[in-house]
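Spelled out from the first residue to the last, the chains are:
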Amino acid sequence: MAIGFYLKKDMGRLPKPDVIKKAQGTLQKCRANRQQLQVNGKLPIQPPTELTKDARAAWELAITCAPESLLTALDHSLLERWCRNYALYRKLQADVDRHGWVDIKGKPRPSFTALIKIQAALAQCEQQLGFTPVSRCKMQAPAKEDSKSNEFDDL
């Protein structure tokens, strides 16, 4: 009996859909549920609204340039992380180009150090998303099943 109590207590309440909140007149913009992904297997070309302008441009670039079956709805959070890191990488690279990568004392500038860390994060995301030639070669194509039966299979 006590176990059931703990399970109920920790589970929490499921949120009401926005449609029901609107019908009841209790929908508030600050309490609206985040936009749900339509899981039809593909990622939408429209980027999430939470992304910055540069990150949205990176999203659209990735979706339009990726092969048809490469990105699915399961890759949403990873692609969003790649877009954010890519936008930050571009800003840091512009700062390093403008001010150099070392300061007056000969030490690496903080923006250069951050740039190196962002490059590592980008490389990891790119490998997982299949954005590099090597990672695309490692991906296996789905095996096609022949619907025709061979008469000689039983022999």
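Residues numbered from 1 in each chain as written. Predicted model: local features only at pLDDT ≥ 70, side-chain atom pairs only at ≥ 80, totals over all residues. Heavy atoms only, no water.

## Concerning the overall build of the protein chain
Where we set the bar: Secondary structure elements are defined from DSSP: runs of H or I of at least 4 residues count as helices, runs of E of at least 2 residues count as strands, and each element is numbered from the N terminus. Pairs of residues are marked as contacts when any of their non-hydrogen atoms sit within 4.5 Å. The Shrake-Rupley method, run with a 1.4 Å probe, gives the accessible areas here. Residue values count only the displayed protein chains as cover.
Scanning the protein chain for helices and strands turns up six helices and zero strands. Overall, the protein chain shows an N-to-C arrangement of helices and strands of α-α-α-α-α-α. Excluding contacts between residues fewer than 6 apart, the proportion of contacts in the protein chain whose partners are at least 24 apart in sequence is 50%. Accessible surface, the protein chain: about 13,100 Å² in total, of which carbon and sulfur atoms supply 56%.

## Examining the side chain of S111
Considering the arrangement of structural elements, one finds S111 in helix α5 (residues 110-129). Setting aside chain neighbours within four positions, we find S111 in contact with L92, D95 and V96.

## What about the environment of I63?
Counted only if it meets this: Note on classification: 1.4 Å probe, protein chains only; a residue is buried when its accessible area is under 20% of the maximum for its type, exposed when over 50%, partly exposed between these limits.
Following the sequence through the fold, I63 ends up in helix α3 (residues 53-65). Overall, I63 belongs to the buried group, its relative accessible area being 15%. Once the C-alpha coordinates of I63 and Q46 are considered, the two residues, 17 residues apart in sequence, prove to be 9.1 Å apart. Residues within four places of I63 in sequence aside, it is in contact with L43, P44, I45, L71 and L79.

## Focus: the packing of α3 against helix α4 (residues 76-99)
Rules: All axes here are fitted lines through C-alpha atoms, helices being fitted over the stretch that makes contact, and every angle between N-to-C directions spans 0 to 180 degrees. Working rule for angles: under 35 degrees goes down as roughly parallel, over 145 as roughly antiparallel, 65 to 115 as roughly perpendicular, anything else as oblique. Handedness of a crossing follows from how the near helix is turned relative to the far one, being left-handed for an anticlockwise turn of less than a right angle and right-handed for a clockwise one. The residue classification treats Ala, Val, Leu, Ile, Met, Phe, Trp, Tyr, Cys and Pro as nonpolar and Asp, Glu, Lys and Arg as charged. All others, Gly included, are polar.
Running from amino to carboxyl end, α3 crosses α4 at an angle of 125 degrees, the nearest separation of the two axes being 8 Å. With respect to α4, the axis of α3 lies oblique. Note that α3 runs across α4; the crossing there is right-handed. Contacts between α3 and α4 involve D54, A55, A58, W59, A62 and I63 from the first element and H76, L79, E80, W82, C83, R84, Y86, A87 and K91 from the second. Residues of the contact of α3 with α4, tallied by class, amount to ten nonpolar, one polar and four charged.

## As for the pattern of salt bridges
Test applied: Salt bridges are defined by distance alone: a side-chain nitrogen of Lys or Arg within 4 Å of a carboxyl oxygen of Asp or Glu.
Summed over all chains, the structure comprises three salt bridges. As a salt-bridge pair, R84 and E80 come within 2.9 Å of each other at their nearest N and O atoms. Taken together, the residues R84 and E80, both in helix α4 and four residues apart, mark about one turn of the helix. According to the relative accessible area criterion, R84 is partly exposed, its value standing at 37%. Note that D95 and R98 form a salt bridge whose closest N and O atoms lie 3.8 Å from each other. Of this pair, D95 and R98 both sit in helix α4, three residues apart, which is roughly one turn of that helix.

## Points about the layout of surface pockets
Convention followed: In this analysis the probe radius is 1.4 Å and the grid spacing 1 Å, with only protein atoms considered; a cavity is a set of points the probe fits into but cannot get out of, a pocket is an open set with protein on both sides within 12 Å along at least five of seven lines, and lining residues have an atom within 4 Å of a point. Grid points are joined across faces, edges and corners, and a volume is the space filled by probe spheres set on the points.
As a volume, the second largest pocket reaches approximately 160 Å³. Lining the second largest pocket, in full, are K42, L43, A62, I63, A66, P67, E68 and L71. In the lining of the second largest pocket, the residues fall into six nonpolar, no polar and two charged.

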